[in-house]
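# A look at the structure
One letter stands for each residue in the lines below.
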Amino acid sequence: MLIVSWNVNSIRQRLAPLLSFLREKSPDIVCLQELKCEEAAFPRSEIEDAGYNALVQGQKTFNGVAILSRRPIQESVIGLPGFNEDVQSRYVEAIIADDQGGIIRVASIYAPNGNPVESEKYPYKLAYMAALERHAKDLLQQEEVTILAGDYNIIPDARDVYDPIAWSKDALFLPSSRAAFQRLINLGYSDALRCVTDEPGRYTFWDYQAGAWQKNHGLRIDHFLLSPRAADRLARVEIIKSFRSGEKPSDHVPISLELSA
C-alpha cells in the first residue's frame, strides 16, 4: 500500500497539482494538512471523481485536515481525543482495510506552529503535543498497524534543518519541542524516514521567502510515525521534491511510504 502525507497549504489553490499527483502516483491513502477551507468548500466532487473517499475536518481560512482513501473508511475520529477544548481543526483519524484483510489506522495531523514563542501559541503547541502523546500511547495498546502522519511543525534534530544555529530559538526547534517529538518515539513509534536513512538534508519544507527553495534552505517537519506493526511492514519512504518546483506549489512537498503486503 502507498500512503502519502502532504501539507497542501490551501487545497483550493493546490487542487490542480493534487489531482495531478493522484493521477500520477495513485496512492491508496492520502493525509492532507492545512486545507484552509470549511468542509462545505472542500472539493469533494473532484476528489470523488478521482476515485477517493474523503474524511474532512475543515476550518475557514486556517488549519484543516483530511484523509483520502481509495477504499471505504470504516471508522473515523474527528478532533484529537482528550483535547476537546480545542476549536482548531488539526486531527482526523480513520480505519481503512488493508491488502491482507486486516486494517490500517491512520491519522492526519497538523500540529501547531508555536511561534512567537513568547506568546500563548507556544504553550498551546506543547499542550497539543502532550495530548497527542497520550492518545498515541492509547493507540499502541490496540497493537494495530497505526500511522500517525502529518505536519508536526517540529524539526527533530540538527540533520533536519539547513542551519541549526539560525533556528535555535524558533518554536519548531526548541528543546521542549524536540523532546515532545522524542517522547512519541520513546513510546514505541518509529520515525519512518530514519528507519531507512540517516542522511542529513532530507527536507520536506522550504519557505517561499529569500530563495529558500533555490538555496535548499529547508526543514524536515513532515513525518510518518509508525507503530511496531506498521514499522515491520515498512518497505520504502520517499520525499517527492518534484512537486515543490511546479506551478503555484505548496511550501511543503508530499512524503510517501510503502507498506509491504
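Reading the values: rules and limits
Residue indices begin from 1 for each chain and proceed along its sequence in written order. Side-chain atom pairs in this predicted model are given and counted only at pLDDT of 80 or more, local residue features only at pLDDT of at least 70, and totals for whole chains, interfaces and linings cover all residues. For side-chain calculations, the full set of non-hydrogen atoms in the structure is used, while hydrogens and water are omitted. The method works on a 1 Å grid over the protein atoms by themselves. A cavity is a set of points holding a 1.4 Å probe that cannot get out, a pocket is an open set with protein on both sides within 12 Å along at least five of seven lines, and residues with an atom within 4 Å of a point line them. Grid points are joined across faces, edges and corners, and a volume is the space filled by probe spheres set on the points. Residues are grouped as follows: Ala, Val, Leu, Ile, Met, Phe, Trp, Tyr, Cys and Pro are nonpolar; Asp, Glu, Lys and Arg are charged; every other residue, Gly included, is polar. Ring pairs are drawn from Phe, Tyr and Trp, using the six-membered ring of Trp, whenever the two centres fall within 6.5 Å, and their geometry is named by plane angle: stacked under 30 degrees, edge-to-face over 60, tilted for the rest. What counts as a helix is a DSSP run of H or I of at least four residues, what counts as a strand is a run of E of at least two, and both are numbered from the N terminus. With a 1.4 Å probe rolled over the protein chains alone, any residue whose accessible area is under 20% of its type maximum counts as buried; one over 50% counts as exposed, and the rest are partly exposed. Ring-over charges, as used throughout, are those where CZ of Arg or NZ of Lys falls within 6 Å of the ring centre and within 35 degrees of the ring normal. Any two strands are treated as partners once DSSP identifies two or more bridges connecting them. In this description, contact between two residues means that some pair of their heavy atoms is separated by no more than 4.5 Å. For helices, the axis comes from a line fit to the C-alpha atoms of the stretch in contact; other axes are also lines fit to C-alpha atoms, and the angle between any two N-to-C directions lies between 0 and 180 degrees. Nine residue types can take part in a nonpolar core, namely buried Ala, Val, Leu, Ile, Met, Phe, Trp, Tyr and Cys, and a core is a set of them joined through side-chain atoms within 4.5 Å.

### Looking at the layout of surface pockets
The calculated volume of the largest pocket comes to roughly 740 Å³. In terms of lining residues, the largest pocket is bounded by 34 residues, among which Glu 34, Tyr 110, Asn 113, Gly 114 and Asn 153 are the most central. Residues that form the lining of the largest pocket fall into these classes: 13 nonpolar, 12 polar and 9 charged.

### Focus on the packing of aromatic side chains
Working definition: an aromatic ring pair is given by the centre-to-centre distance plus the angle between the planes. Tallied over the full model, the rule gives 8 aromatic pairs. Ring plane angle 70 degrees and centroid distance 5.6 Å describe the contact between Trp 6 and Phe 243, whose orientation is recorded as edge-to-face. Remark: Phe 243 occurs in the loop between strand 13 (234–239) and strand 14 (255–259) and Trp 6 occurs in strand 1 (residues 2–7); sequence separation between them is 237 residues. Relative to Tyr 124, the ring of Phe 83 lies with its centre 6.1 Å away and its plane at 25 degrees, an arrangement referred to as stacked. Here Tyr 124 lies in helix 3 (residues 121–140) and Phe 83 lies in the loop between strand 5 (73–78) and strand 6 (91–97), a separation of 41 residues in the sequence. For Phe 83, a relative accessible area of 7% puts it in the buried group. The rings of Trp 6, Phe 21 and Phe 243 are connected pair by pair, giving a single aromatic cluster. The residue whose ring lies beneath Arg 178 is Phe 173, and the NZ or CZ to ring-centre distance is 4.3 Å.

### Some words on the sheet that holds strand 12 (residues 222–226)
If you walk across this open sheet you meet the 6 strands as 5-6-7-8-12-9, and the pairing is mixed. Of all the strands in the sheet, the pair left with one neighbour each is strand 5 and strand 9 (190–191). The sheet contact formed by strand 9 and strand 12 spans 2 bridges and is antiparallel. Looking across to strand 12, one finds that Ser 190 is bridged to Leu 226. Its contacts with the sheet place helix 3 against strand 6, strand 7 (103–110) and strand 8 (145–151), and it is angled at close to 20 degrees to strand 6. Sitting on the sheet, helix 4 (residues 175–187) is in contact with strand 9 and strand 12, with an inclination near 25 degrees to strand 12.

### Brief notes about the nonpolar core
One broad trend across soluble globular proteins is that nonpolar side chains are buried collectively. By size, the foremost hydrophobic cluster in this structure holds 31 residues, and its most contacted members are Ile 67, Ile 147, Phe 224 and Leu 257. Ignoring sequence-local partners within four residues, the contact set of Phe 224 consists of Ile 3, Val 4, Ser 5, Ile 147, Leu 148, Ala 149, Ser 190, Asp 191, Ala 192, Ile 255, Ser 256 and Leu 257.

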